[in-house]
Amino acid sequence: MPTVEMVTKVWIAPGCIVCDACETTCPEVFHVQHENETCIIRPEALDVEFTKPLTKTIIEAAQECPVDVIKYEVAKFDVSDEVAAKIAGGATAAPAPATAGEAPAAAAHAATSTKAAPAKPAEPPKPKVMDPAIQALLAATTVRGGHVVIDRGVAGMPDSVKHLAKLSPDQLPPDGKFQRVLEKAKPSSEEPTRRDLLLGAGWTALAMGFGVGPLLAFNRFMAPNVLEQEDPKVRCGPLSKYTSLAPGDVNEDFKPVKPSGFWIIREEERISALSIICTHLGCIPSWLPNDRKFKCPCHGSGFKPNGTNFEGPAPRPLERFKIYLDGDQVIVDRSKKFLAMGPNDTAVWNDPDASIPV
Amino acid sequence: MMTTFAHILASVDPAQQGSAIDRIKSFVDALCAPYYFVPLTTLLLVIALVSYKQWTRPKAALLVFVAFTVFYGASMLDEDFFKIIKKPDNVPITMMIYFTGFCTWLGFRQAAVNDDRMKRGEPLIESGADDKVLVWPDLVYTELIALVLCTAFLVVWAILLKAPLEPPANPTNIPNPSKAPWYFLGLQELLVYFDPWIAGVLLPGLIIVGLIALPYIDKNPRGNGYYTLKERPLVISVFMFGFVIMWCVLIVLGTFLRGPNWNLFGPYETWDPHRPAALLNINVSDVFWVVLPEKLNVAWWKPGLPSEASFGIPAFLVREAPGIVLLGGYFFALPVFLAKTVFRKIYTQIGLIRYAVFWLLLSWMFIVPIKMVLRWLFNMKYFVAITEWFLNV
Ligand code: SF4
Ligand code: FES
């Protein structure tokens, strides 16, 4: 009796590019699932008796696979001369494997046994529906704790799959992609229970504790660490000091005042206090007396002497503080700001609190 | 040591160098105006991509290297340029320029060789390469040596060049220009064109998220694990544009060309804080509501920004409508159009969701150069400026 090497196990390593080559060569074993973007081994082909006679085409398919992800194991068997000849010739063995022979209703199965006859059948383009056997297997399969578990008692399972279901999951081939397909079946087969609900609530509470807490802490961390005890009101001296400014001039005396400095500016008819914070990203612009503009050193925003933005990215004019007279004394109150929304949108500056008329 | 070098350089009498040098300098200065600088570097990149088989040949690359080094070294004779270079903060920039150049060369060299071999049907450089390494002793020793060398290098660097620590912040004495650390200068440059939350949060976030998302958008296995340009010309070009131009070149621009008041200076120009530079920026809304009607001068369209709400739409929305239409077209209509025409193949390959993500990343990447060019050429400030909603794009 001659000894022949025959394929006992075939599986697909991760990395299939769904090229259809294997299914064209050996449709009995390989099933390309474009919708899942992988190729899988048909469940009935997970059986030694099924793959043995197909040895030649399986090896051919494995060699043809462009990314070499088809893996198989071979073992030596003693066979009769005629079987050996048949295997060498590539034809499907006459003694049909037990499982395949039993397979009754599954349509794909019927197709398989007829198609198996010629050495290399030219595949007609098939509609890509999921193999009913696979569907049944998926329906019976759940994944628990990373292990595949097959429910043995599901009714209406094709015999070929029944045979599989009797195997322990560990005996299934190490087909990484196949497991992924199995995992896909998980949500449909598990009803949420009260336990799941409680578990979910627990995890959520934990996540809140670990997530929201630090978030709040982070928020505090990002806030400037200053004590705002400075008096928002600043006494700026007699009014005459500012009426002597020419219109369009700027007094820089209060730029260093903490926590927020300001310029006192003279317009035609009034005196106002401009915040020194750039409305773009908060740098401090410099007053360029020769160019008659405020210019920010960070991204080049420019402001006219009255604070209107006209150059660079700053979206709004410089902000103005409340300013008023106490007798003869000019007082700037930084607790109230007047925000103009754009260079053409400066109506708030006409507020009586925003300037002192001169 | 640096200063003695500077003295030596200064002792070369600048007056003796004649006006030819000056003319070259002012020519380079002129080329470095951003509306030449960025397009020119982009052009260089395009040339490099097209002729990668030629310039990556070791001799040609060596020539480029020597030519650049001579140019860079000669530039140091210029006081203003040298002042920028020798700042301890800017030493990494010189390193970055050379490293970027070297890595680009290396990658494209491998690609050129591989593409050649592919054409002749020979195995690739990487084929047969066994990337397994023994952990002990090979890997651990290699890592140990690398670690020691790096530490030594950093120690020497730290001793030779003082860290640029500055006095405590003081509102009356602000560094002008105020520059971010060198590696953020590209982002700081973006801040000139966008609102802070876009340039400082959204765009960097998109860069990170985008790099993570790339492998899920582009599942083409070609070019996986081996160098090639011929098989993936478009993808590699777009990436190189994003990395080299929109990151490295912007850093170089921020380092060498941005001076006091964040004005633009040529690399050989003195940083004069009083140099006048008028940049009157206008929004799209100004163009549409004021400039256009003034130009057209027709009876039914009076220049003037809309200031009253109409049909219950607040005035600022009416005002910004042209910009909103433009941006909406760019972000939402253009992808639909492209999906039906140029990107039809891509669209069918990757499907709706991945296409949407793809367009999100691509559109934000390209709005940066678009806005820069518009700013330089037309002083365009914002497409949409709704300060009420912090929405300035
Ligand atoms: S031949 Fe290989 S890559 Fe192609 S479908 Fe089959 S397993 Fe996948
Ligand atoms: S912070 Fe002033 S221009 Fe950006």
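All values derive from a computational prediction rather than experimental measurement.

Draft legend 1. Spatial organisation of the overall build of chain B. Scanning chain B from N- to C-terminus turns up 14 helices and two strands. Each of the 393 residues in chain B was classed as buried or not, and the buried ones make up 37%. Within chain B, contacts between residues separated by at least 24 positions form 67% of all contacts whose residues are at least 6 apart in sequence. Approximately 23,500 Å² of chain B is accessible, and the part contributed by carbon and sulfur atoms is 73%.

Draft legend 2. Seen up close, the overall build of chain A. For chain A, the count of helices and strands is 11 helices and 17 strands. Burial analysis of chain A (358 residues in total) assigns 45% to the buried set. Within chain A, contacts between residues at least 6 apart in sequence are counted, and of these 59% link residues at least 24 apart. Carbon and sulfur atoms provide 58% of the accessible area of chain A, an area that totals close to 18,100 Å².

Draft legend 3. Expanded view of the environment of B:P88. Residues and elements named next belong to chain B. Relative to the assigned elements, P88 resides in the loop between helix 6 (79–86) and helix 7 (91–120). In this structure, the C-alpha to C-alpha distance between P88 and W157, residues 69 residues apart in sequence, is 9.7 Å. In this structure P88 touches L161 and K162, once residues within four positions along its chain are discounted.

Draft legend 4. Layout of the interface of chain A and chain B. The interface is formed by 30 residues belonging to chain A together with 31 residues belonging to chain B. Overall, the association of chain A and chain B removes approximately 2,400 Å² of surface from exposure, summing both partners, and the carbon and sulfur fraction of that is 55%. Where chain A meets chain B, there are zero salt bridges. There are eight residue pairs in polar contact (both at pLDDT 80 or more) connecting chain A and chain B. Of all elements in the fold, only strand 11 (286–288), strand 12 (293–295) and strand 14 (309–311) of chain A reach the threshold of two or more residues within the side of chain A that touches chain B. Tallying contributions element by element places strand 14 of chain A first for the side of chain A that touches chain B, with three residues. Among the residues making up the side of chain A that touches chain B, the classes are represented as 14 nonpolar, eight polar and eight charged.

Draft legend 5. Representation of the state of the cysteines within the structure. Residue and element names in this part refer to chain A. For the structure shown, the criterion picks out one disulfide over all chains. C283 shares a disulfide with C298; S-S distance 2.0 Å. On the S-S bond that ties C283 to C298, the torsion sits near -85°, and the link is left-handed. In this pair, C283 is assigned in the loop between strand 10 (270–275) and strand 11 and C298 in the loop between strand 12 and strand 13 (302–303), connecting sequence segments 15 residues apart. Side by side, C283 and C298 carry an identical accessibility label, which is buried.

Draft legend 6. Geometry of the side chain of A:S272. All names here are of chain A. By the element assignment, S272 lies in strand 10. For S272, a relative accessible area of 0% gives the class buried. In this structure the side chain of S272 is engaged in a polar contact, spanning 3.0 Å, whose partner is the side chain of R320.

Draft legend 7. How the structure looks around the site of ligand 1. Around ligand 1 sit 13 residues in total, of which A:C16, A:C19, A:D20, A:C22 and A:C65 are the nearest. Here ligand 1 occupies the largest cavity.

Draft legend 8. Main features of the pattern of salt bridges. Counted under the stated rule, the structure contains 19 salt bridges over all chains. Of the charged contacts, one joins A:D326 and A:R235 as a salt bridge, the two residues approaching to 3.9 Å between their closest N and O atoms. Linking A:D326 in strand 15 (residues 320–326) with A:R235 in strand 7 (residues 233–238), this pair joins segments that are 91 residues apart in sequence. Under the relative-accessibility criterion, A:R235 is labelled exposed at 53%. The salt bridge partner of B:D218 is B:R232, with a shortest N-O separation of 2.7 Å. Of this pair, B:D218 sits in the loop between helix 10 (196–217) and helix 11 (233–257) while B:R232 sits in the loop between helix 10 and helix 11; the two residues are 14 residues apart in sequence, bridging distant segments of the chain. The structure contains a network of salt bridges with shared partners spanning A:E267, A:R270 and A:R320.

Draft legend 9. Region of interest: the confidence of the model for chain B. Residue and element names in this part refer to chain B. In the predicted model, chain B carries a mean pLDDT of 86, and 94% of its residues have values of at least 70. Here helix 1 (residues 2–11) is the element of chain B with the lowest mean pLDDT, 48, and helix 5 (residues 58–75) is the one with the highest, 94. Across residues 1–5, where pLDDT falls below 50, the model places five contacts with residues more than four positions away in sequence or in other chains. Below pLDDT 50 for its whole length, residues 7–16 participates in four contacts with residues either more than four positions away or in separate chains. As a predicted assembly, this complex carries a pTM of 0.65 together with an ipTM value of 0.79.

Draft legend 10. Region of interest: helix 6 of chain B. Those residues of helix 6 of chain B lying buried are B:D80, B:F81, B:F82, B:I84 and B:I85. By the N-cap criterion, in which a side-chain oxygen at the helix start approaches the backbone nitrogen of a residue two or three places on, helix 6 of chain B is capped by B:D78, the distance to B:D80 being 2.9 Å.

Draft legend 11. Expanded view of empty space enclosed by the protein. Residues and elements named next belong to chain A. Counted under the stated rule, the structure contains three cavities of 30 Å³ or more. Size it by volume and the largest cavity reaches roughly 80 Å³. Lining of the largest cavity is provided by 14 residues; of these, C16, C19, C22, C65 and I70 occupy positions nearest its centre. Of the residues belonging to the lining of the largest cavity, the class tally is 13 nonpolar, no polar and one charged.

Draft legend 12. Broad picture of a nonpolar patch on the surface. Residues and elements named next belong to chain B. Among the surface-exposed residues, F27, L31, Y35, Y36, L40, L43, L44, I47, V373, L377 and F378 lie close enough to one another that they form a single nonpolar patch of about 1,100 Å² accessible area. Looking at the nonpolar patch, the elements with two or more residues in it are helix 2 (18–31), helix 3 (34–50) and helix 14 (344–378). Mapped onto the secondary structure, L43 falls in helix 3. The class of L43 is partly exposed, set by a relative accessible area of 47%.

Draft legend 13. Fine view of the layout of surface pockets. Residues and elements named next belong to chain B. Within this model, the second largest pocket holds a volume of roughly 1,600 Å³. T41, L44, V64, F68 and I97 are, among the 41 residues lining the second largest pocket, the residues nearest its centre. Secondary structure elements with two or more residues in the lining of the second largest pocket: helix 2, helix 3, helix 5, helix 7 and helix 11. Looking at the lining of the second largest pocket residue by residue, the class counts come to 35 nonpolar, six polar and no charged.

Draft legend 14. Quick peek at the environment of A:P256. Within the fold, A:P256 resides in the loop between strand 8 (250–251) and strand 9 (262–266). A:P256 sits in the partly exposed class, given a relative accessible area of 36%. Separated by 20 residues in sequence, A:P256 and A:I276 place their C-alpha atoms 9.4 Å apart. Residues within four places of A:P256 in sequence aside, it is in contact with B:P171 and B:T172.

Draft legend 15. Representation of unusual backbone geometry. Residues and elements named next belong to chain B. Cis geometry marks the peptide bond from W136 to P137, where omega comes out at 0°. With respect to the secondary-structure elements, P137 resides in helix 8 (residues 135–160). Of note, the amide linkage connecting N176 to P177 takes the cis form, showing an omega dihedral of 0°. Of note, P177 is situated in the loop between helix 8 and helix 9 (185–191).

Draft legend 16. Up close: the packing of helix 5 of chain B against helix 7 of chain B. Residue and element names in this part refer to chain B. In the contact formed by helix 5 and helix 7, the axes pass within 12 Å of each other and the chain directions differ by 170°. The angle between helix 5 and helix 7 places the two elements in the roughly antiparallel class. Where helix 5 approaches helix 7, its residues P58, A61, F65, F68, T69 and Y72 are matched on the opposing element by T94, I97, Y98, W105 and R109. In terms of residue class, the contact of helix 5 with helix 7 is made up of eight nonpolar, two polar and one charged.

The rules behind each value
Residues numbered from 1 in each chain as written. Chains lettered and ligands numbered in written order. Predicted model: local features only at pLDDT ≥ 70, side-chain atom pairs only at ≥ 80, totals over all residues. Heavy atoms only, no water. Helix = DSSP H or I, 4+ residues; strand = E, 2+ residues; numbered from the N terminus. Buried < 20%, exposed > 50% of the residue type's maximum accessible area, 1.4 Å probe, protein only. Contact = heavy atoms within 4.5 Å. Areas by Shrake-Rupley, 256 points an atom, 1.4 Å probe, with all protein chains shown as cover. Buried area = accessible area lost by both parts, 1.4 Å probe. Salt bridge = Lys/Arg side-chain N within 4 Å of Asp/Glu carboxyl O. Polar contact = N/O pair within 3.5 Å; in protein donor to acceptor, adjacent residues only side chain to side chain. Nonpolar A, V, L, I, M, F, W, Y, C, P; charged D, E, K, R; others polar. Disulfide = S-S within 2.5 Å. Near = heavy atom within 4 Å. 1 Å grid on protein atoms, 1.4 Å probe; cavity = no way out; pocket = protein on both sides within 12 Å on 5 of 7 lines; lining within 4 Å. Sits in = over half its atoms within 2 Å of the grid points. pLDDT = per-residue confidence, 0-100. Points joined across faces, edges and corners; volume = space filled by probe spheres on them. Patch = residues over 30% accessible without salt bridge, like charges linked within 9 Å, V, L, I, M, F, W, Y side chains within 5 Å. Axes fitted to C-alpha atoms, helices over the stretch in contact; angles between N-to-C directions. Parallel < 35°, antiparallel > 145°, perpendicular 65-115°, else oblique.

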